[in-house]
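Read off the chains here:
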Amino acid sequence: SEGDTTKYSVWSFFPRYLYLQFSKGANAFFLFITILQQIPDVSPTGKYTTLLPLMIILTISGLKEIVEDYVSVGDIVKASNGQFLPADMVLISSSEPEATCYIATSNLDGETNLKIRQALLETAEMQTEKHLSSLSGKIECEGPNRHFDTFTGTLYLNGKSPVAVGPGQVLLRGTQLKNTQWVLGIVIYTGSETKLLQNSIKSPLKRSTVEKVTNGQVLRLFLLLLAMSLVSYVGAILWKEGHGGNIWYMGMKGNSHGLGFDILVFIILYHNFIPISLLVTLEIVKYVQALFINWDEEMHYEGNDVYAMARTSNLNEELGQVKYLFSDKTGTLTCNIMTLKKCTIAGIMYGVSSSVITESGGLSDPTLLQNFESDHPTKDYIKEFLTLLCVCHTVVPERDGNKITYQASSPDEAALVKGVKTLGFVFTTRTPSSVTIDVMGQNFTFEILNILEFSSNRRRMSVIVRTPTGKLRLYCKGADTVIYKRLSDDSLFVNETLTHLECFAKEGLRTLCIAYTDLTEKEYQQWLIEYKKASTVIQDRMQNLEECYDNIEKKFLLLGATAIEDHLQARVPETITTLLEANIKIWVLTGDKQETAINIAYSCKLLSTQMPCIQLNSKSLEATQQAINQNCQDLGILLGKENDLALIIDGETLKYAFHPEIKRSFLNLALSCRAVLCCRLSPLQKAEIVDLVKRHVRAITLAIGDGANDVGMIQTAHVGVGISGTEGMQATNSSDYAIAQFSFLLQMLLVVGLWFAFVNGFSGQIIFERWCIGLYNVIFTSLPPLTLGIFEQCCSQKSLLRYPQLYRISQAGEIFNTKVNRIFNAGFHLRRQWADVGSNGNVDTSSQSISPFHLFAQYVVVTVCLKAGLETLSWNKFNHLAIWGSIIIWLVFFAVYCFLWPTIPIAPEMTGQVSFIN
C-alpha cells in the first residue's frame with residue numbers, strides 16, 4: 001500500500017489553492033473589482049486592468065505553494081539492512097538471534113542512539129515463505145495516533161492464546177534498519193495513519209502584528225474608498241447640474257444611472273487606493289528574510305553542522321518586538337550532556353573533594369574504591385548500588401573491538417552507565433532477556449524478567465531481575481519524591497541521603513534516588529498474572545499498566561542517590577545579561593527541583609546575589625492566596641511596574657495560583673518582577689503560564705525549549721523557538737524557528753529581528769490610462785518596498801549587539817507606528833488620489849484631444865520612489881537599483897507605450913504624450 005503526504009494533488013490543487021487565496025480579504029476584494037469590471041458600461045478603466053495584476057499575484061503565490069509542497073511515500077514486508085521502513089509494522093522475525101533488530105529513530109525523534117526491538121516468541125521462527133503462508137490470525141490495535149513511544153495491540157493467532165504487542169515489537173515508518181541483515185513485519189498503519197505522518201500536523205495559526213495591522217488598514221482604506229465614491233457621486237450630480245450632462249470628452253451622452261450603478265463606477269475608478277501588490281510584496285519579503293535566517297553564519301553551530309531554520313516566514317517581524325521570553329532549563333540553558341559528578345551510598349557522600357572527572361565522563365573517587373575493596377561496613381551497599389546502575393536501564397552497548405559505545409535513550413542513563421564503568425562495574429552485553437556486567441574482571445548475568453518503563457507521570461523506572469544467585473529482585477531509580485513515598489519502614493540512611501540530596505540540588509546537580517526490594521516467587525507470580533492481564537487490554541492499557549507497576553513497586557530499601565552535572569551551554573550568561581539589557585523579561589519554566597533551578601539561575605546570571613527573591617511555596621489555596629496578597633501589598637505603588645525582583649514558585653503552588661480568585665493578582669505580582677523562575681512544572685503548566693501572559697499583556701511572547709515537554713508552550717507563544725538538541729526533534733518540529741544554541745537568540749532577536757521590523761509598504765493611486773493603473777502597483781512601484789523590507793538595517797550588527805537597548809525601539813512598536821504613518825501620509829495620498837479627479841485641464845474642442853493629464857503619472861511614480869528613499873536608513877546597491885531602476889522602468893515604458901498606437905490597437909489616448917516630457 002502507499003500513502004500520499006502532499007498538501008495538494010493534481011485534482012485538488014486548484015480548488016484548495018483558490019480557496020486559500022480568496023480567503024484573504026485583499027484578494028477577495030480585487031476579485032470583486034474584477035467581476036464588476038466585466039459589467040458593460042460600469043468600468044471606466046477597462047475589463048482587464050485588475051484581472052492581469054490579480055493573475056500575476058495568484059501565479060506567483062501558486063508557484064510558491066508548488067515549490068514548498070513536498071512528496072514522499074509505504075501485507076507482509078521484508079526490509080534489509082540500511083533501508084528506511086515504508087510503513088508502521090509489527091516485527092515478525094529477523095535475521096538476528098532471538099529475533100532482535102536494531103533501528104535508528106533520528107528521523108522521528110532526533111535521538112542518535114540505536115534502539116533494540118524483538119519479535120514475539122510466537123512468530124520468531126516464521127522466516128521462510130512456507131512459514132509465512134501458514135500464518136493466520138489477526139491483530140487488534142489502537143487507532144492511529146502521534147505517540148512514538150506507545151503502542152497498544154494484541155496478536156490473535158489461530159489456535160493460540162492472545163499475546164500483547166507493545167512498542168518493543170513495533171517498527172515505525174521513517175526509522176532505519178541498522179546492524180541487522182533483514183526483518184519481516186506485518187503492516188499495521190500506512191500513509192497518513194503512520195505515526196510519522198500523524199506528527200506532521202499543521203502548527204496553530206499564528207498571525208504577526210504587522211499582518212493584523214495591515215488587514216485593519218486595508219479595511220479602513222476600503223471604508224474610505226466607499227466614502228470617496230459617495231462624495232464623488234454627489235460631486236457628479238452637482239457637476240451635471242452646473243455644466244450639463246452632454247460633455248463629449250467625459251463620455252456622457254445624457255444617460256443617467258441609479259445610485260448603486262454610479263457608486264460602483266467610482267469604486268472601480270478608485271480601487272487602486274487599496275494596494276493589490278502589498279500582500280504579495282510582504283510575502284516575498286518575508287520569504288527572502290527566512291532564507292537569510294537559514295543562511296546566517298552567525299547562527300551556524302559547527303559542533304554538529306546545524307544552521308538556524310525558519311520553519312515559517314510569517315512571524316519574522318515579531319522577532320524584533322519580543323517582550324517576554326519563556327525558556328526551558330535542561331537542554332536549553334544547559335547542554336543536556338550529563339556527567340556523573342557525585343553520589344551518596346549508605347549515608348556517605350562521594351566526590352566531595354578528591355573527585356576527578358575522567359575522559360570517559362565517569363566519577364573516580366579513591367575513597368569509594370577503598371571502601372569497596374576493604375572490609376568497610378558499607379561494602380555490600382556499594383556493590384549493590386553500582387550493580388543496580390549497571391542493570392537498571394535500557395542502554396544498548398555496541399562493541400568495536402575492545403571499545404564499548406553506549407546507545408542510550410536519555411543522557412542521564414548514559415551518564416550513569418559510563419560513570420560506574422570507571423569504577424570497575426562495566427555493562428558489557430544486552431539481549432532481550434538478559435544483561436551481563438563485568439565486575440572487577442568477573443562476569444555476572446542477570447535475567448531480565450520485566451521492565452517497568454519510565455514515564456513523566458511515574459518519574460521512575462524499574463526492572464525485575466533474577467540475580468546470578470537465583471534471587472528475585474526489583475531495582476528502581478527515580479525522583480526523590482516518588483521513591484521516598486515507597487520506602488519500607490526498615491529502610492536505612494533516609495535522613496542522611498535527604499541531606500545530601502539538598503546539597504546536590506544547591507550545586508545545580510540533577511539527582512536520582514536508588515532503591516531495591518526482594519520479591520518472593522509467590523508474590524511475583526501473582527503480580528505476573530495481573531501484569532499479563534493489563535498488558536493485553538486495548539482500552540487504557542498504559543493506565544492499567546501503571547497501576548499494575550505501582551502494586552509491586554513498594555517497600556523499597558534505600559541504597560543512596562546519584563548527582564549528575566549538566567553544564568551550561570556556551571555564552572548563556574552573556575546572552576541572558578544582554579537580553580535583560582534589551583528590556584526582555586525572562587521566565588524560566590522547568591520541571592527540575594527548585595534548588596537545582598535556583599542554582600542554574602544564579603550560574604546563568606538570571607538571578608544575582610543583590611536581587612531580592614520572592615518565594616512562593618504553599619500547600620493550600622488559602623496559604624497561596626495569603627502569600628500572593630501579602631506580597632502585592634508589600635509592593636504598594638510599585639505593583640505592576642518593573643522592579644529588580646525575582647519571583648520563584650513551584651508547580652504545586654502554581655496550581656493554586658491559577659485559581660480564578662487569585663490568578664490576576666499572581667499575574668500582577670509576576671509582571672512586577674524582573675525575572676521569574678517556575679519549578680516542578682508539568683508540560684501543561686508551562687503552556688498555561690505562557691497563555692496567561694499572552695492573553696492579559698499587550699506584548700509579544702517567545703517560548704524556547706528542546707524537549708517534547710516544551711511543545712505546548714512553544715505552540716502557545718506568539719513565536720516558538722525549538723533547540724535541536726539531544727532530547728529529540730519534537731520541539732523543533734513544533735516550532736516556528738529552530739536554532740542549535742540558546743546564545744543564537746541574540747543574533748535572531750537583536751540583529752535579525754530588529755532589521756526585519758522595518759518592513760513597509762506603499763499604496764498606488766489612480767492614473768488615467770487603464771494599463772498604467774493596472775501595472776502601477778505590480779511593476780512600477782513594487783521594487784522599492786521589496787528592497788526596503790529585505791535589505792533595510794537601522795544600524796550595523798556590531799552596534800546592535802554592543803547596545804542592546806536599541807531593541808527597545810522596535811519592542812515598543814515605534815518603528816511600525818500606524819498613527820504617525822497615518823498623519824504623515826494622509827494628506828499626501830489623498831492629494832494624489834483627488835488630483836486626478838479635480839484637476840482642471842485645458843480642453844481643445846476643435847481637435848477633441850486632451851491636454852497632458854498623463855504627465856501627472858511621472859510625478860506620482862517619481863514621488864513614490866523618492867519617498868521610499870526618505871524611508872531608507874541604510875543605503876546600499878539594492879536600494880539604489882530599486883529606486884532609480886523603477887523610475888527608469890516607468891520612463892522607458894511610457895516612451896514605448898506612447899508609440900504603440902495604431903500599430904498595436906491599444907491606448908490611443910497615449911499617442912504623442914511623450915512629447916510633453918521635453
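Source: prediction; values computed, not measured.

**Student:** I keep staring at the environment of K78 and nothing clicks. Help me out?
**Tutor:** Note on placement: K78 falls in strand β1 (residues 76-80). Classification of K78 as exposed rests on a relative accessible area of 55%. The spacing of K78 and G185 is 107 residues in sequence and 6.6 Å in space, taken between C-alpha atoms. In this view, K78 contacts Q83, W182, V183 and L184; residues no more than four positions away in its chain are not counted.

**Student:** Whenever I open this one, helix α12 (residues 411-421) confuses me. Can you help?
**Tutor:** Side chains three or four residues apart in an α-helix point the same way, a direct result of the helix having 3.6 residues per turn. Extensive coverage of α12 is indicated by the burial of 9 of its 11 residues. Buried within α12 we find P411, D412, E413, A414, A415, L416, V417, G419 and V420.

**Student:** Explain the packing of helix α19 (residues 621-635) against helix α21 (residues 663-671) here, please?
**Tutor:** Packed helices, taken two at a time, are described by their axes: the angle between them and the distance between them. It is the contact of α19 with α21, at a shortest axis distance of 10 Å, that shows an interaxial angle of 45 degrees. Compared by their axis directions, α19 and α21 come out oblique. Handedness of the crossing formed by α19 with α21: left-handed. The segment α19 lies against α21, with I628, N629, N631, C632 and L635 engaging S665, F666 and L669. Residue composition of the contact of α19 with α21, grouped by class: 5 nonpolar, 3 polar and no charged.

**Student:** Whenever I open this one, the UniProt feature "binding site: Mg(2+)" (unreviewed entry) in the chain confuses me. Can you help?
**Tutor:** The sites that UniProt annotates as "binding site: Mg(2+)" (unreviewed entry) are D328, T330, D706 and D710. For this annotated set, covering 383 residues, all C-alpha atoms fall within 10.6 Å of each other, a compact arrangement in space. Counting through the fold element by element, D328 comes out in the loop between β12 (322-327) and β13 (334-345). Note on D328: relative accessible area 4%, which makes it buried. Leave out the neighbours within four places in its chain, and D328 touches L333, L589, T590, K686, I704, G705, D706, D710 and M713. At 3.4 Å, the side chain of D328 forms a polar contact with the side chain of T332. Within the secondary structure, T330 sits in the loop between β12 and β13. The exposure class of T330 is buried, given its relative accessible area of 7%.

**Student:** Would you mind showing me how to read the packing of aromatic side chains here?
**Tutor:** One pair of aromatic rings is described through two measures. These are the centre distance and the angle between the planes. In this structure the tally under the stated criterion is 10 aromatic pairs. A centroid spacing of 6.4 Å and a plane angle of 75 degrees characterise the contact between F151 and Y189, whose relative ring orientation is edge-to-face. Here F151, found in the loop between β5 (137-141) and β6 (153-157), pairs with Y189, found in strand β10 (residues 182-189); they are 38 residues apart in sequence, far enough to count as distant. Judged by its relative accessible area of 4%, F151 is buried.

**Student:** What should I look at first to understand the pairing of β10 in this one?
**Tutor:** Burial analysis of β10 places 7 of its 8 residues in the buried class, which makes it a mostly covered element. Pairing geometry for β1 and β10, over 5 bridges, is antiparallel. Each bridged residue has a counterpart across the sheet, and for S80 the counterpart in β10 is W182. With 6 bridges joining them, strand β2 (residues 88-94) and β10 adopt antiparallel strand pairing. Paired with S93 across the bridge in β10 is L184.

Rules of the game
- Residues numbered from 1 in each chain as written.
- Predicted model: local features only at pLDDT ≥ 70, side-chain atom pairs only at ≥ 80, totals over all residues.
- Heavy atoms only, no water.
- Helix = DSSP H or I, 4+ residues; strand = E, 2+ residues; numbered from the N terminus.
- Buried < 20%, exposed > 50% of the residue type's maximum accessible area, 1.4 Å probe, protein only.
- Contact = heavy atoms within 4.5 Å.
- Axes fitted to C-alpha atoms, helices over the stretch in contact; angles between N-to-C directions.
- Parallel < 35°, antiparallel > 145°, perpendicular 65-115°, else oblique.
- Left-handed = near helix turned anticlockwise from the far one by under 90°.
- Nonpolar A, V, L, I, M, F, W, Y, C, P; charged D, E, K, R; others polar.
- UniProt positions renumbered as here; feature names shortened; annotations may be inferred.
- Polar contact = N/O pair within 3.5 Å; in protein donor to acceptor, adjacent residues only side chain to side chain.
- Phe/Tyr/Trp six-rings, centres within 6.5 Å; stacked < 30°, edge-to-face > 60°.
- Pairing = 2+ DSSP bridges.

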